[in-house]
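If you want the building blocks of each chain, they are given just below.
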Amino acid sequence: VQLVESGGGLVQPGGSLRLSCAASGFTFSRYTMSWYRQAPGKERELVATITSAGGNTNNADSMKGRFTISRDNAKNTVYLQMNSLKPEDTAVYYCNVLVGLYDYWGQGTQVTVSS
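Calculation criteria
- Residues numbered from 1 in each chain as written.
- Predicted model: local features only at pLDDT ≥ 70, side-chain atom pairs only at ≥ 80, totals over all residues.
- Heavy atoms only, no water.
- Pairing = 2+ DSSP bridges.
- Helix = DSSP H or I, 4+ residues; strand = E, 2+ residues; numbered from the N terminus.
- Axes fitted to C-alpha atoms, helices over the stretch in contact; angles between N-to-C directions.
- Salt bridge = Lys/Arg side-chain N within 4 Å of Asp/Glu carboxyl O.
- Buried < 20%, exposed > 50% of the residue type's maximum accessible area, 1.4 Å probe, protein only.
- Polar contact = N/O pair within 3.5 Å; in protein donor to acceptor, adjacent residues only side chain to side chain.
- Contact = heavy atoms within 4.5 Å.

Attention now goes to the sheet that holds strand E3 (residues 17-24). If you walk across this open sheet you meet the four strands as E1-E3-E8-E7, and the pairing is antiparallel. Two strands in the sheet have a free side with no partner beyond their single neighbour: strand E1 (2-6) and strand E7 (67-72). Within this sheet the neighbouring strands show an average axis-to-axis angle of 15°, counted without direction. The sheet contact formed by E3 and strand E8 (residues 77-82) spans six bridges and is antiparallel. The partner of Ala22 across the bridge, within E8, is Thr77.

Here the focus is the pattern of salt bridges. Within the structure shown, the criterion is met by four salt bridges. Arg37 is the partner of Glu45 in a salt bridge, and the nearest nitrogen-oxygen pair spans 2.7 Å. Here Glu45 falls in the partly exposed class, since its relative accessible area comes to 31%. On the basis of relative accessibility, which here comes to 6%, the residue Arg37 falls in the buried class. The shortest N-O distance in the salt bridge between Asp61 and Lys64 comes to 3.3 Å. By sharing partners, the salt bridges in this structure join Arg37, Glu45, Arg66 and Asp89 into a single network.

Moving on, we come to the side chain of Arg66. Its location among the elements puts Arg66 in the loop between strand E6 (56-58) and E7. Overall, Arg66 belongs to the buried group, its relative accessible area being 9%. Within polar-contact distance, the side chain of Arg66 engages the backbone oxygen of Ser84 at 2.9 Å.

As a further point, take the environment of Glu5. If you trace the backbone, Glu5 turns up in strand E1. Its relative accessible area of 5% is what places Glu5 among the buried residues. Separated by 88 residues in the primary sequence, Glu5 and Tyr93 place their C-alpha atoms 8.2 Å from one another. If we skip the residues at most four places from it in the chain, Glu5 touches Ser20, Cys21, Trp35, Tyr93, Tyr94, Cys95, Gly106, Gln107, Gly108 and Thr109. A distance of 2.7 Å separates a polar atom in the side chain of Glu5 from the backbone nitrogen of Cys95.

The structure is reproduced here in structure tokens:
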């Protein structure tokens, strides 16, 4: 299993970014995918989850209405569209999948929201 995130960077408050996670090594279309984030000095937190059928959930009130998870099963890729970004969204964002008994993580992509 391999997960490779991309799309992070430096953005001004109020801006947008689209993160991508390219997956390989498993049957992507059959698995729920998630995005997590970890800010400096804080625990990793769940951002959003999308089921194999495309149902999605944003798990933090602070992100509802601003972040949208989606997937393209033909491209084995999951996305996180982030709008109206705030400085408190600064974190490393990770892609995650649970395959069998094992949790797999990507290397993460840094998102920095600052003026």
